[in-house]
Amino acid sequence: MNSLSLFPPPGPDGNITLFESNNELVCGTSLGSRQKQGWEPPSLLFPRESLKPHSRPESSSKAAFLDHRDTLWMRSARAWRDSGLSGLLDEIANCTEEEVPRWLTVGCSWTLALLRWVSSFHGSLFPHLTLSSEDMVAEFSQVLDWSDCAVRAFAWHPHTDKFAVSLLDDSIRIYNSKSATAPTLKHRLQRNVAALQWKPLCASALAVACHNCLLVWHVDPTSLSTRPSSGCAQVLSHPGHCPVTSIAWSPNGSLLLSASPVDTAMMVWDVAGESCVPLQRVGGGGVTFLSWSPDGSRVLASTPSALFRVWETRTWTCERWPCLKGRCQTGCWSPDGTRLLFSVQGEMVIYALTFTDAPGSSKAAAIVADLSETSFSTSQGQVRVGGQVQTMAWDPRGERLAVLLKGTEPEPVISQHILLPVVRSHSTTSIGFVKGESGAEPRLLQFHPHFPNGALLTVCWSNGRISHVPFFFVSAGGSVLNPGGSPPWPLPQSRAVENGERLLYTEMSS
Amino acid sequence: MFNSEQNHWFVRKVIFWRAAASVAWSVLLLPVTTALFAFLSRFSLFHPIQWISESFSLLYGSYVIFSLVLLCGVVLVVGVFNLEYYTVVPSVPCTKIALLGKVLHPQQSVHSLVHSMMGIMVTWCAATMIGGRYWILAAPCSEEEGVTGQKMCLNEYYLFFLLAGAFMGYSYSLLGVVRNMNYVSFQTIQQCKYLRFKGMLPQVVRYSAVQSLYSVRNYCLFYFFFGYIPRAWICTTLNVHEDSSLHRLDTVSGLLDFRLLYHLWLSGTFLLLTWHITLLLFRIFITEAYSFPVQSSFSEDVSQCLPKVLSEKQPLILKFLALQDLFLLSQQSLSRRMEVFSLSQPGGHPHNWNAICKECLSLLSDLSQRLVEYQEVVASNGRARPLSSHSDQRSTSSETLVTSGTEEQLQTPQQSIGLKTPSSVFLRSTSLGLHTPMTAPFTPRQESPFSSSSVNRFVGNVDPSSPWYGSVQSPHVMRRGPKLWTASTGSPPGSSLPPSPTTIPSPVPAAQKPGLFSLWLQNRQEQLPEASSQALFADSQAHIWALEGLSNLVAASYKEDRFGVVQTMLPSILSTMLLLQEAVDKHFKLPHASSKPVRSTCCLEDSTFKTLRFALRAALKTAMYRITVTFGEHLHSVQMSAEHRKRLQQFMEYKE
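- In the nomenclature of an unreviewed UniProt entry, chain B corresponds to Nucleoporin NDC1 from the organism Scleropages formosus.
- UniProt, in the comment section headed Function (unreviewed entry), describes chain B in these words: "Component of the nuclear pore complex (NPC), which plays a key role in de novo assembly and insertion of NPC in the nuclear envelope. Required for NPC and nuclear envelope assembly, possibly by forming a link between the nuclear envelope membrane and soluble nucleoporins, thereby anchoring the NPC in the membrane."
- Under the UniProt heading Sequence similarities (unreviewed entry), the entry covering chain B gives this text: "Belongs to the NDC1 family."

- The name that an unreviewed UniProt entry assigns to chain A is Achalasia, adrenocortical insufficiency, alacrimia, with the source organism given as Scleropages formosus.

In structure tokens, the structure reads:
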């Protein structure tokens, strides 16, 4: 098992991690100290101040603009449309005596109370249902501190040097290596963007998980327009399926999965036909995070409760994996789709699961890394690092794993800069911590899908900076074109035997 | 048509059994729905204990058992009709007249008639189970002054109930044809049958309840206006009397009987639910993936192997299942892919791959040709004098080919401009001699008596006096007019547009009065927007699978094809796909082609076929990208024309 104590200590303050070579992270004071090779993705800065978050408090503006002398029928109809049954009951219960008979108002207020009582009962079963939808996105997003982050989502195009960034003001910008225009996508329904993903095997389609729908933008790569019209976006929505917090395209580009923490069904979308098949499984109270294995054979779906599922995509049956402590926060797949790393909320470890087609494979998760707090003595004194995993990324060659740690809040040393251990998965040796500018915390990370000289990690920082850290290495398993060869990760079974304890129990079901 | 189809080994060995299994399951589910119905029919809010005990005693009653036997028969007949009428390629009526023709088609009339009768049977069972006042048709009249008890009176509730069954059966059949309920679509994901059924069941229940509500509303309106006719007829034929002491049901107060309406709605829901479950199970069973062997060592099984089956045309379901199997094997099964890439033992020829590839390519090139033809007709339609001698010649020759059986009037010069016969695009492509195998069995259905010749007969004479007559002389108006679109699909090309004004004869004397009927017909003939586009792509699920399967195989061959059998076909695969890409791109530039249809809310009204063209466009791009991503720079060494190379370069730079 790997632990943080095996890591080299983080670099000195004021330095930024520039790149990796010879298995060591090189730090420097400025970004310009490395010679450029070919196209370099732009290091962008979106200052928090320049972005205005959407201030559309719909409930408060209602009082300012609407004529309150509408008839009861009009108001009831509007309340029904805006907020459903509870809104209607609320509207009637608050009516004056001369409009509605007394028994009706009393009946409505009683029904409303009953409704609230029932929903609070339901909420005590699944506490996340009591959150507002914006808080829910913040809670289940892969981005650390989503609601305050200038960059809310980031996505590399799977085939070409192009990426999309979603910002605090609900706009999406697309940067392309081949053209100078950076289109900005805005749509009426594009609010609270929780995730972005480009469609594989396609140049133009970008799926966006929004507040109450899914948007699929078709951004013509040859177009010179900087503001594609909202006619380029397909709106996919299903009643009861909002907010959408996670999306995943199948690696062959034919299906799109979407998940919402309030909906127990996950949707399989046929995007061209705009139709969906709900895959309903009761238990868990919703689906928060989806991750499709790179070979397309399995999907990880985590729920808000201490339970996650692994679906196989041939006949869409699932294995249930109850966790001991908390919900599954994040997970990532090895490039050949046989290994899944995941982390559980409340535990400072990374688990691994191995899937093989052969029967009798191990059905237990083994701990592969321990991330509990460790102190390092540096020139500035003691630095303590460690915490729960917020998000993870495994590079497309399977040789580097980046883990974003969530510090424990009350200790100021850690919350100053949350650090990135880079685990070299080949022999599970440790490489080090990636550091940003002083005062900046990492919020989100993603690997470039086909970096020729190793791996390229993109990190979004809390100050609005998006930086790219290249790791130069020669892959042991062959070129990127052959993702079939999986890196020899030490088998979790043997590790489990070595460590002897802390197995996660599982149960099989379909 | 059906006879030849039913003798096919696949229909005998697989489809029949699947249909039988689906009917068996719906029969097994029948006791559950019946018990539920009996339970709910006795519902009373204020006497719950009595309600429950009564329902349980009812369940053991002989009436319920007898009803169950009868209902099994009904489900069996519904299952047989499902099997006979299902289609994997929907027929999309391009005009309202064609839709009318579809509804009035003899085959459809049989369907409606049988379903009405079965509706009567189901409601009879329901009435027996509910009992009470719905018990019997004629009862001794209630005590009236001066009349002895011997006189029999009509129980109007009973009549009302049975008629409701007929009405609901008919509306089920009618809505079925309007909403293409006989169209069987294939799922995008392969779920097992039980889970699929479980997922769909709540939607089916809700849909049946809502449909039943609409039916009750429509039926009440119908009975309010026309209820006296069947009542009087029954009274006279059976020699019973109307009970004047009771409320008549075709009055407002008679119809406002809440309990009656509740029973009616419940029976309707019960009826629709059993039928819809049968339909749902049929669809689930019939579309289940079937795994064909890629090759067989026994010569008698060769006809059942995938390469052979793919090239067969007749039972369309076989072709679709074979293509689906190709799609699945290309994605999921390494061992079966190896069989596809293997060489024949003596001789060393890649027969399997060649047969599969040839069939897929011919499907795709058929589609591109169909699209090009359609675009030509549309393009020529907008011009004033587009008829070149060449197309004239072609059309007349093909006309004799196709319309030989139809009436002479088709060829008279009178049906000129206004005469877009509302046949579908398929008819046109048929007439051009490009009879695509996929659509073949379905064209006869569209050629209903209303859809082509008979309409011509109506309009042909009066047309010159219709408002269109004068206006069409100006090419501008023609270009603006709705016909720009509509006429494109028109009819056998010889009779279709675009007529030069000189070909229009002087008005026939008989056509002096501008008939309202002709005006109405004219209006009806305007095409439903984007219907022709839908019809053009109605069978595109096959093309999507062919594209996906082919591209997956080509991508897999990069690593798995040891003998290089795929490489020899790569140029033709690429050029076929690029040609199709060009044709599809052009098609989407036409108006209406890229407008989205309304999404239907329910599972049973399958509107997948309405969006197949978008799915095809997406699948085509994905297939191209799959090949370019896999082969990368190696594609430069593939032989192809300069134009295609340019297009391919676009794909390699991710600019499409």
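Notes on the packing of aromatic side chains
Residue and element names in this part refer to chain B.
Working step 1: In the structure shown here, the tally under the stated rule is 45 aromatic pairs over all chains.
Working step 2: Geometrically, the ring pair formed by F66 and W124 is edge-to-face, given 6.2 Å between the ring centres and 85 degrees between the ring planes. Placement of the pair is F66 in helix α4 (residues 62-85) and W124 in helix α6 (residues 106-130), with a sequence separation of 58 residues.
Working step 3: According to the relative accessible area criterion, W124 is partly exposed, its value standing at 28%.
Working step 4: Ring plane angle 90 degrees and centroid distance 4.8 Å describe the contact between F160 and Y223, whose orientation is recorded as edge-to-face. Residue F160 is found in helix α7 (residues 156-178), and its partner Y223 is found in helix α8 (residues 193-226); the two are separated by 63 residues along the sequence.
Working step 5: For F160, a relative accessible area of 0% puts it in the buried group.
Working step 6: An aromatic cluster is defined as three or more aromatic residues linked by ring pairs; in this entry it consists of F160, F167, Y219, F222, Y223 and F226.

Concerning the interface of chain B and chain A
Working step 1: Opposite the 26 residues of chain B that make contact, chain A presents 28 residues.
Working step 2: Of the roughly 2600 Å² buried at the junction of chain B and chain A (both faces included), carbon and sulfur atoms supply 56%.
Working step 3: Remark: the boundary between chain B and chain A carries 0 salt bridges.
Working step 4: At the boundary of chain B and chain A, one finds 2 residue pairs in polar contact (both at pLDDT 80 or more).
Working step 5: Element by element, the count of residues in the side of chain B that touches chain A is highest for helix α27 (residues 612-631) of chain B, at 8 residues.
Working step 6: For the side of chain B that touches chain A, the class distribution of residues is 10 nonpolar, 8 polar and 8 charged.

Some remarks on the pattern of salt bridges
Working step 1: Enumeration over the complete set of coordinates arrives at 14 salt bridges over all chains.
Working step 2: Notably, a salt bridge pairs R336 of chain B with D325 of chain B, separated by 2.7 Å at the nearest N-O pair. Remark: D325 of chain B occurs in helix α13 (residues 316-332) and R336 of chain B occurs in helix α14 (residues 334-341); sequence separation between them is 11 residues.
Working step 3: Judged by relative accessible area, which is 4%, D325 of chain B ranks as buried.
Working step 4: The partner of R647 of chain B in a salt bridge is D585 of chain B, with the nearest N and O atoms 2.7 Å apart. Taken together, the residues R647 of chain B in helix α28 (residues 642-652) and D585 of chain B in helix α26 (residues 570-587) connect sequence positions 62 residues apart.
Working step 5: Judged by relative accessible area, D585 of chain B falls into the partly exposed class, the value being 22%.
Working step 6: Look at the salt bridges and you will find they share partners, linking D145, E441 and R443 of chain A into a network.

Procedures and definitions
- Residues numbered from 1 in each chain as written.
- Chains lettered and ligands numbered in written order.
- Predicted model: local features only at pLDDT ≥ 70, side-chain atom pairs only at ≥ 80, totals over all residues.
- Heavy atoms only, no water.
- UniProt positions renumbered as here; feature names shortened; annotations may be inferred.
- Phe/Tyr/Trp six-rings, centres within 6.5 Å; stacked < 30°, edge-to-face > 60°.
- Helix = DSSP H or I, 4+ residues; strand = E, 2+ residues; numbered from the N terminus.
- Buried < 20%, exposed > 50% of the residue type's maximum accessible area, 1.4 Å probe, protein only.
- Contact = heavy atoms within 4.5 Å.
- Buried area = accessible area lost by both parts, 1.4 Å probe.
- Salt bridge = Lys/Arg side-chain N within 4 Å of Asp/Glu carboxyl O.
- Polar contact = N/O pair within 3.5 Å; in protein donor to acceptor, adjacent residues only side chain to side chain.
- Nonpolar A, V, L, I, M, F, W, Y, C, P; charged D, E, K, R; others polar.

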